[in-house]
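Analysis of the macromolecular model
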Amino acid sequence: MTINTDIAVLFPGQGSQEPNMGRDVAEANADIMALWKKAEKISGIDLRGIYWDGDEAAMADTRNLQPALTLVNLGLWIEASGSLRPSCMAGHSLGEFSALAASEALSVEAVLEAVSLRGRLMADADPNGNGAMAAAMKMKLDAVKAVVADVAESTGEMIRIANYNTPGQFVLSGTKAAIAEAGVKIKEQKGRAIPLKVSGAFHSPLMADAAKELSGYFAKLSWNNPKYPIYCNVTGEPADTAADLKEIMPKQMTSSVFWIDTITNQYNAGVRQFIEVGPKGVLSKMLGQILKPVADSSEWESLNLGNLEAVEAFKTAK
């Protein structure tokens, strides 16, 4: 693979978890294993027990998942970073916190505390179970927007597009009644509506109380200018100063994730290689759909560094 300087490092978020994730890297690097132990103290959760020996239900719990996946992403970054010279970074939803640590905008400890708090807040934000999310598939954006507008008007309930993932995949967030009605309308238009197993309506105004508490934590932190510009979920645009990130990040929990804009803007800025640092390669699989309208597949390339073997192969090739 030809490596050039126009590299974007991408960190995945919730949905990329898998059993034993991060174990090979931690067992090969004492510093990374120490980071897992530190995160367990910060979060009060037996993260290794859950993800290296545990059950799927516990793995999907956002309280556990947010610190654990951040650890996996950062462990892989630590292993690969000596051979990587990115021009920018981005992270999908939870993955954005990995970018904050990897770019040194925040310390690793501050990020682990933040995602542990974020996981608890998001899990507890909807104690009555009023919120829901669903993926809208096989429909264009205009059609999805029309469904959302129609449902909002007919039900009077809150609903919005929470994730602009690819031109054929959008995630809706809102009340259970609104999401159910949207599912009916999506199917009527020959699309697919896939309910998501989440504990609330993430990336929507229904997260406002949780976002307020997380914002209070952000305000106490010492922010640095990032070593690499971070294309933010909230805007799809790069932020390269501590002041920008300090202003933008408190909005992340209630804002939509503009991932299509993020990737398209990185490409338009000159990125020609996208390296996903995290398990499963979910973001890598999205790239072809996102970039198809603006670039031929021969004009860019992607790589997933999802485990120690992939990282070592990358370092050898480099």
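Here we summarise the structure given alongside this text. (Residues numbered from 1 in each chain as written. Predicted model: local features only at pLDDT ≥ 70, side-chain atom pairs only at ≥ 80, totals over all residues. Heavy atoms only, no water.)

**Overview of the layout of surface pockets**
- In this structure, the largest pocket encloses a volume near 760 Å³.
- The wall of the largest pocket is formed by 30 residues, among which Gln14, Gly15, Val171, Leu196 and Val198 lie closest to the centre.
- Taken together, the elements giving at least two residues each to the lining of the largest pocket come down to helix 7 (108–124), strand 3 (131–137), strand 4 (159–166), strand 5 (169–175), strand 6 (192–195) and helix 13 (282–291).
- In the lining of the largest pocket, the residues fall into 17 nonpolar, 11 polar and 2 charged.
- Its boundaries defined by the atoms lining it, the second largest pocket holds a volume of some 210 Å³.
- Along the walls of the second largest pocket sit 13 residues, with Trp77, Ile78, Ala101, Ala102 and Glu104 positioned nearest its centre. (1 Å grid on protein atoms, 1.4 Å probe; cavity = no way out; pocket = protein on both sides within 12 Å on 5 of 7 lines; lining within 4 Å. Points joined across faces, edges and corners; volume = space filled by probe spheres on them. Helix = DSSP H or I, 4+ residues; strand = E, 2+ residues; numbered from the N terminus. Nonpolar A, V, L, I, M, F, W, Y, C, P; charged D, E, K, R; others polar.)

**A closer look at the sheet that holds strand 6**
- What the 4 strands build is an open sheet, ordered 4-5-3-6; its pairing is antiparallel. Only two strands of the sheet have a single neighbouring strand rather than two, namely strand 4 and strand 6. Pairwise comparison of adjacent strand axes, ignoring direction, gives a mean angle of 25° for this sheet.
- Two elements, strand 4 and strand 5, share 6 bridges in a ladder whose sense is antiparallel. What sits directly across from Thr166, in strand 5, is Gln169.
- Helix-sheet contacts for helix 8 (residues 141–155) involve strand 3, strand 4 and strand 5, and the interaxial angle to strand 4 is about 165°.
- Strands in contact with helix 12 (residues 259–268) are strand 4 and strand 5; relative to strand 4, the strand with the most contacts, it is inclined by about 35°. (Pairing = 2+ DSSP bridges. Axes fitted to C-alpha atoms, helices over the stretch in contact; angles between N-to-C directions. Contact = heavy atoms within 4.5 Å.)

**A word on the sheet that holds strand 1 (residues 7–11)**
- Pairing within the open sheet is mixed, and its 6 strands lie in the order 8-7-2-1-9-10. The open sheet has two edge strands with one neighbour each: strand 8 (238–239) and strand 10 (301–305).
- Packing against the sheet, helix 12 makes contact with strand 1, strand 2 (88–91), strand 7 (230–231) and strand 9 (273–277), and its axis sits at approximately 170° to strand 2.

**Quick look at the packing of helix 6 (residues 95–102) against helix 7**
- Here helix 6 crosses helix 7 at 165°, and the two axes come no closer than 9 Å. Relative to helix 7, the element helix 6 is oriented roughly antiparallel. Here the hand of the crossing between helix 6 and helix 7 comes out right-handed. Contact residues: Phe97, Leu100 and Ala101 in helix 6; Val108, Val111, Ala114, Val115 and Arg118 in helix 7.
- When grouped by side-chain class, the residues that make up the contact of helix 6 with helix 7 number 7 nonpolar, no polar and 1 charged. (Parallel < 35°, antiparallel > 145°, perpendicular 65-115°, else oblique. Left-handed = near helix turned anticlockwise from the far one by under 90°.)

Function-wise, these values are silent; they only describe arrangement.
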